[in-house]
Amino acid sequence: MMIDIGAGTRPRKDDNWTHLDIKPYPHIELVGDAGKRLEEFANGSIAAISAIQFLEHLPNPLVPPTLTLWFDKLENGGWLEVEVPNMTVLMTEFLSTENRAVKETVLTEIYSHWTDDIPHRWGMDAAMLMAYLAEASFINVRIVPSGNARSLRIRAEKAAAR
């Protein structure tokens, strides 16, 4: 099983993914709180987890235990792909201009332009997110292309059984 957490209105299109979101969009198979719904799965039972533009909606204290939960639910050799707003790029862009429209666009990106009622609560740069993943015992933590400089995408793995 592969789970797309926070699939929202932009789910992964591959039929192999099971989509999870707090809102009951038509294409969502699992509706509810991501942490509670994942607790329903046995440890080591999920091949892959995708969480695109999800972690920033959690309060900071919930980020480390969420990543640990995801690690536990992944099978040995499984992988995780997360994407968050790229705070380094966004803050640099904000500070490097006097153009009000650009500043407003950047602030909208930081403070939730994708959602109407689930605000962004936390931001991370690459070093922070990679450290959180390493602390949760992920290996091969690396930045992968996101297709958008304002987004930071990182892929990590759970070690295969020996």
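About the criteria used
Residues numbered from 1 in each chain as written. Predicted model: local features only at pLDDT ≥ 70, side-chain atom pairs only at ≥ 80, totals over all residues. Heavy atoms only, no water. Helix = DSSP H or I, 4+ residues; strand = E, 2+ residues; numbered from the N terminus. Rg over C-alpha atoms; globule rule 2.2 N^0.38 Å. Buried < 20%, exposed > 50% of the residue type's maximum accessible area, 1.4 Å probe, protein only. Contact = heavy atoms within 4.5 Å. Areas by Shrake-Rupley, 256 points an atom, 1.4 Å probe, with all protein chains shown as cover. Lys, Arg positive; Asp, Glu negative; His and termini not counted. Charge placed at Lys NZ, Arg CZ, Asp CG, Glu CD. Pairing = 2+ DSSP bridges. Axes fitted to C-alpha atoms, helices over the stretch in contact; angles between N-to-C directions. Salt bridge = Lys/Arg side-chain N within 4 Å of Asp/Glu carboxyl O. Right-handed = clockwise from strand over helix to strand, strands pointing away. 1 Å grid on protein atoms, 1.4 Å probe; cavity = no way out; pocket = protein on both sides within 12 Å on 5 of 7 lines; lining within 4 Å. Points joined across faces, edges and corners; volume = space filled by probe spheres on them. Nonpolar A, V, L, I, M, F, W, Y, C, P; charged D, E, K, R; others polar. Core = buried A, V, L, I, M, F, W, Y, C linked by side-chain atoms within 4.5 Å.

Chemist: I tried to follow the overall build of the protein on my own but got confused; where do I start?
Modeler: Scanning the protein from terminus to terminus reveals five helices and seven strands. For the protein, the N- to C-terminal ordering of α and β elements is β-β-β-α-β-α-β-α-α-α-β-β. Relative to the globule expectation of 15 Å for 162 residues, the C-alpha radius of gyration of the protein, 16 Å, shows essentially globular dimensions. By principal-axis analysis of the C-alpha atoms, the protein measures approximately 55 × 35 × 30 Å. Put simply, the protein has 162 residues, and 45% of those count as buried. Contacts in the protein between residues far apart in sequence, at least 24 positions, make up 60% of those at least 6 positions apart. For the protein, the accessible area works out to roughly 8500 Å², and carbon and sulfur atoms hold 55% of it. Charged side chains in the protein number 16 positive and 22 negative. The centres of these two groups are separated by 1 Å.

Chemist: What exactly am I supposed to notice about the sheet that holds strand β3 (residues 30–31) here?
Modeler: By way of backbone hydrogen bonds, the strands of a sheet pair with one another, either parallel or antiparallel. What the seven strands build is an open sheet, ordered β3-β2-β1-β4-β5-β7-β6; its pairing is mixed. Of all the strands in the sheet, just β3 and β6 (139–144) have a single pairing partner and so form its edges. In the packing of helix α2 (residues 63–73) onto the sheet, contacts are made with β1 (2–5), β4 (46–52) and β5 (74–85), and the angle to β5 comes to roughly 145°.

Chemist: I keep staring at the side chain of Asp 4 and nothing clicks. Help me out?
Modeler: Mapped onto the fold, Asp 4 is located in strand β1. One buried charged residue, Asp 4, forms no salt bridge at all, with the nearest opposite charge on Arg 12 at 4.9 Å. Apart from residues no more than four positions distant in its own chain, Asp 4 is found in contact with Pro 11, Arg 12, Trp 17, Thr 18, His 19, Leu 20 and Ser 50.

Chemist: I'm lost on the pairing of β5 in this one. Help?
Modeler: Look at any regular strand and the pattern is simple: side chains alternate between the two faces of the sheet. A large share of β5 lies buried, amounting to nine of its twelve residues. Note that β4 and β5 share six bridges and pair parallel. Each residue of the ladder has a partner; that of Ile 46, found in β5, is Leu 74. Each parallel crossover has a hand, and for β4 linked through α2 to β5 it is right-handed.

Chemist: Looking at this structure, how should I read the layout of surface pockets?
Modeler: If a probe the size of a water molecule is rolled over the atoms, the empty space left behind becomes visible. Here the largest pocket defines a volume of roughly 870 Å³. Those elements giving two or more residues to the lining of the largest pocket turn out to be β2 (17–21), α1 (34–39), α2 and β7 (151–157). For the lining of the largest pocket, the element with the highest residue contribution is α2, accounting for four residues. Among the residues making up the lining of the largest pocket, the classes are represented as 16 nonpolar, twelve polar and twelve charged.

Chemist: Help me understand the environment of Ala 34, please; the structure alone is not making it clear to me.
Modeler: One can find Ala 34 in helix α1. On a C-alpha basis, the gap between Ala 34 and Phe 54 in space is 9.9 Å, while along the polypeptide they are 20 residues apart. What Ala 34 contacts, discounting residues up to four positions off in sequence, is Ile 5, Leu 20 and Phe 54.

Chemist: For this particular structure, what's the right way to read the nonpolar core?
Modeler: Across soluble globular proteins, nonpolar side chains have a tendency to be buried as a group. In terms of nonpolar packing, the biggest core is built from 31 residues, with Ile 5, Leu 55 and Trp 70 touching the most fellow members. For this core, the secondary structure elements donating two or more residues are β1, α1, β4, α2, β5, α5 (126–135) and β7. In this structure, Met 2, Ala 47, Ala 48 and Trp 79 belong to the second largest nonpolar core, which totals five residues.

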